[in-house]
Amino acid sequence: MVSRVRVWLNRTYAENVFFMDQLRRNPSDRAVEIHATHGDPDSPVLAAADTAELEPEGLSPAGYVEYALDQCARRGIDVFVPRLHQSAVVAHRAEFEAAGTAVLAPPPEAVAVFHDKVIAYEAVQAIGVPVPPWYRVRSPDELVAAVEQLEADGHRACFKPASGAGGVGFRVITRTPFSLTQLSGFPSPYVPLDLVLQALRQAEEPVDWLVMPRLEQPEVSVDCLTGPDGRVRLAVGRTKNGRRRGFTLHEQWLDPARRIAEGFGLHYLSNIQFRMFGDRPVLMDVNTRPAGGLHQLALCGVNAPWAAVQLALGEDPGEMAPPFLGQDYTVVSGPRPVRPVSLPQQRSEPTEPLPAMPVDSVGAAVRGAVEAVRL
């Protein structure tokens, strides 16, 4: 009898409820039990898991590693998929392996390269992957110089943190003065240069930004599955052009993604993003973790989460190619359950913390919520 597989996802994105669904619906028909931890008691990943716990707040990276090792030992974790404190976790991979847990993440050297976008751009340029023009900015004068150079070359300047994920901190520079236009409609990423400079001059600490031209659509995110031997097993591009999404196997996107994944040892699941600069694709970002939209490859008949778990367990799925490319689609939101809790008591005394609890019965009513609608 084949034993169950126990998988732990630590503090992760809400979209990974679909990652969890795919693990359970694996083509090997293997029993999978999922443990999830999060800092938000209303995260849907807690409700989607078989067992769940709230994570302690304020742990240092070293303290979090101790917490994670304890979780793996107590919960009998076979495969750990870390997002929070990934760098610290992979640095202690040997300790997790000694506890019987495989860490589904790249080696520490690869994680370090792509933690800082400047280091990443320099590194991928060295292996022949094109990147856009970029400037590292830490002061108002450096920002002005970078923006003026980009504008002189006919580009619109934008900036984002030199380290970060998920598009947090991305803004587009405009010369248009602040007015009611910025206060009508939905919030936008456009910020007037004069207000940015004012904020920088008043800041108590320097920023660390990457300033570059705003890149054109389409955006193509290549999901890669790479073995511990450094060989890519699967690479599929997910295209985004406005609301429309689709898939591609064109080598102009896949070839540079494979070179990055294999050249830097991005073992297991990674996501490598490109956009257009003029008439050629250039690297935008590299994520050393599964992308939130990875589950969309199911529209191509691919279960990438399970193939990654197989690799982590030493069960090589071999070379993979999608049997077909799904038709274009768009993404819409849908309901997912949260853990059942009683309404808070209307009094000032502190309440008891939520206990760790199995959540098997929570999601039966709405597990079939729609995630993607075909156009």
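Reading the values: the criteria
Residues numbered from 1 in each chain as written. Predicted model: local features only at pLDDT ≥ 70, side-chain atom pairs only at ≥ 80, totals over all residues. Heavy atoms only, no water. Buried < 20%, exposed > 50% of the residue type's maximum accessible area, 1.4 Å probe, protein only. Helix = DSSP H or I, 4+ residues; strand = E, 2+ residues; numbered from the N terminus. Contact = heavy atoms within 4.5 Å. Core = buried A, V, L, I, M, F, W, Y, C linked by side-chain atoms within 4.5 Å. Phe/Tyr/Trp six-rings, centres within 6.5 Å; stacked < 30°, edge-to-face > 60°.

Among the nine residues of helix 1 (residues 16-24), eight are classified as buried, and the element is accordingly described as predominantly covered. All buried positions along helix 1 are accounted for by N16, V17, F18, F19, M20, D21, Q22 and L23. Elements in contact with the buried residues of helix 1: strand 1 (5-9), strand 2 (32-38), helix 2 (44-48), strand 14 (268-277) and helix 11 (304-312).

Turning our eyes to something else, we now look at the nonpolar core. By size, the foremost hydrophobic cluster in this structure holds 39 residues, and its most contacted members are V7, L23, L104, L269, L297 and V309. Residue assignment for this core shows that the elements contributing at least two residues are strand 1, helix 1, strand 2, helix 2, strand 4 (79-81), strand 12 (232-241), strand 14 and helix 11. The element contributing the most residues to this core is helix 11, with seven residues. The contact partners of V7, leaving out residues within four places of it in the chain, are L23, V32, E33, I34, H35, V79, V81 and V309.

Bringing the packing of aromatic side chains into the picture now. Scanning all chains against the criterion turns up nine aromatic pairs. On the numbers, 5.3 Å between centres and 55 degrees between planes, the contact of Y64 with Y67 is tilted. A residue pair is termed a helical-turn pair when its members lie 3 or 4 positions apart in one helix, as Y64 and Y67 do in helix 3 (residues 61-75) at three residues. Residue Y64 is classed as buried on the basis of its relative accessible area, which comes to 1%. A network of ring pairs unites the aromatic residues W8, Y64, Y67, F80 and F96 as a single cluster.

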